[in-house]
Amino acid sequence: NIAEAGTDIHLSLDSRLQAIMYTALAGKKGSAVSLDMQGKVLGLVSSPAYDPSHINDYLSDKTEMYFLNRPIGGAYPPGSIFKLVTALAGLTDQKITSETQYEDTGEIKVGIYRYGNWYFDQYGRTEGSISLTKALARSNDIYFYKVGEAVGVESLVKWARKFGLGEKTGIELPGERAGLVPDKLWKERMTGEKWFLGNTYHMAIGQGDLLVTPLQATRMTLGVISGRLCNVSLLKDGPVECSDLGLKTEDIATVREGMKEVCATGGTAFPFFTFEPWVLCKTGTAQHSGQLSDSDPSASSGQVKPHAWITVGYPGENPEMILVVMLEAAGEGSAEAGPIARTILDQWKALGQ
């Protein structure tokens, strides 16, 4: 065979942003991902990282999972960041409007089962009658249980898949997982049980068997904010492939207003209350079984902290990039992922970006 000269590859990654993300994660188990509004990857960091020149030092350590490329190979319940999809499903299916109000009862009981709101469970308080934008700002579970019930599991599944969940993103890297969008047939095949209303409640708030990668979550947010689903690429000069999701401009605007309120005083993303310029965001605190991947040797049935998520559109007025920070078993998204995202954007802004 005759050897052929290779060609240069120009990546879309920004080395400055990559360094900022890596430093901000500070070795914590998790990911930081950033896309521009065309689906080009600006930053992609898996933490903790390893030094390839001393690879033997890492091979015997099975707990840190150094060789798992978490942004594309780790699949996790998304928690409340998925409420963005539930909101647009409700609006597009005309089950709710921007004016629809639901009463926060603190909990919903279905037979012997109870489905609570985090604010009630932590502080014993309810928030009265609330609209969609406030429900997003406060990440109110009761509101989204009701929306999920109104649209039904088939619609939640349809919209999850329209936003690119349950499929690979197209990034030019090996080891990407497709995640999981469960439906009635999947549950019956896997468990022998029928789908119950409680399963719909769980899915509506990003829990249950729903699994996404951090890269999928970033692309999902790009779709929510722009109304387009984009193939993801690491290549600077590669083709841009985005398709219109068929969302109404006013519905996108309603959800964006809710995301603006998440990062404003009274919302859940308190690290961004004083950030300028204002941003669009959604926090997530995702309960899980303790197993962080198929090969995780530290899987446990005991008590574990939830996964911490935050997704941010920066700047809010006319977003140029989407940033997702996800920390494994770290605690609340607002308290754990939020400050890291704030640090990343503070430093990015300081560079004049």
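This text follows the structure it describes.
Residues numbered from 1 in each chain as written. Predicted model: local features only at pLDDT ≥ 70, side-chain atom pairs only at ≥ 80, totals over all residues. Heavy atoms only, no water.

Q: I'd like to hear about the overall build of the protein chain, residue by residue, with values.
A: When helices and strands are tallied, the protein chain shows twelve helices and eleven strands. In terms of overall size, the protein chain behaves like a compact globule, its C-alpha atoms giving a radius of gyration of 20 Å where 353 residues would be expected to give roughly 20 Å. Across its three principal directions, the C-alpha atoms of the protein chain cover 70 × 45 × 40 Å. Counting all 353 residues of the protein chain, 53% fall into the buried class. Of the contacts formed within the protein chain by residues at least 6 apart in sequence, a portion of 68% connects residues at least 24 apart. Averaging the locations of the 33 positively and 41 negatively charged side chains of the protein chain gives two centres separated by 4 Å. (Helix = DSSP H or I, 4+ residues; strand = E, 2+ residues; numbered from the N terminus. Rg over C-alpha atoms; globule rule 2.2 N^0.38 Å. Buried < 20%, exposed > 50% of the residue type's maximum accessible area, 1.4 Å probe, protein only. Contact = heavy atoms within 4.5 Å. Lys, Arg positive; Asp, Glu negative; His and termini not counted. Charge placed at Lys NZ, Arg CZ, Asp CG, Glu CD.)

Q: How would you explain unusual backbone geometry if you had to name every residue and give the values?
A: A cis amide bond links S47 with the next residue in sequence, P48, at an omega value of 5°. With respect to the secondary-structure elements, P48 resides in the loop between β2 (41-47) and α2 (56-59). Following Y314, the chain continues to P315 via a peptide bond in cis, the omega torsion being -15°. With respect to the element layout, P315 can be found in the loop between β10 (307-314) and β11 (321-327). You will see that Q94, though not glycine, has its phi angle at about 60°, which is positive. Q94 sits in the exposed class, given a relative accessible area of 62%. Its identity is not glycine, yet A329 carries a phi of approximately 45°, on the positive side. Take A329: it is sitting in the loop between β11 and α12 (333-350).

Q: Explain a nonpolar patch on the surface residue by residue, including any values.
A: Together, I9, L11, L13 and L235 line one region of the surface with nonpolar side chains, adding up to about 330 Å² of accessible area. Relative to the elements of secondary structure, L235 occurs in the loop between β7 (228-230) and β8 (242-244). Taking relative accessible area as the criterion, L235 reaches 30% and is therefore assigned partly exposed. (Patch = residues over 30% accessible without salt bridge, like charges linked within 9 Å, V, L, I, M, F, W, Y side chains within 5 Å. Areas by Shrake-Rupley, 256 points an atom, 1.4 Å probe, with all protein chains shown as cover. Salt bridge = Lys/Arg side-chain N within 4 Å of Asp/Glu carboxyl O.)

Q: I'd like a description of the layout of surface pockets, backed by residues and values.
A: Approximately 660 Å³ is the volume attributed to the largest pocket. Along the wall of the largest pocket there are 30 residues; nearest its centre are S80, W118, Q122, D141 and T285. Put simply, the parts of the chain that give the lining of the largest pocket at least two residues each are β5 (113-116), α5 (118-123), α7 (141-162), β9 (280-286) and α12. The greatest single-element share of the lining of the largest pocket, amounting to five residues, is contributed by α5. Looking at the lining of the largest pocket residue by residue, the classes come out as eight nonpolar, 16 polar and six charged. (1 Å grid on protein atoms, 1.4 Å probe; cavity = no way out; pocket = protein on both sides within 12 Å on 5 of 7 lines; lining within 4 Å. Points joined across faces, edges and corners; volume = space filled by probe spheres on them. Nonpolar A, V, L, I, M, F, W, Y, C, P; charged D, E, K, R; others polar.)

Q: An account of the pairing of β10 is needed here, citing residue identities and associated values.
A: Among the eight residues that make up β10, eight are buried, leaving the element largely enclosed by the rest of the structure. Taking every second residue as pointing to the same face, both faces of β10 are buried, with H307, W309, T311 and G313 on one and A308, I310, V312 and Y314 on the other. Judged from the seven bridges that link them, β9 and β10 form a sheet pairing that is antiparallel. From the neighbouring strand, L280 faces β10, where its bridge partner is G313. Across seven bridges, β10 lies against β11 in antiparallel orientation. Within β11, the position partnered with W309 by the bridge is M326. Taking the residues between adjacent antiparallel strands as the criterion, β10 and β11 are bridged by six residues. (Pairing = 2+ DSSP bridges.)

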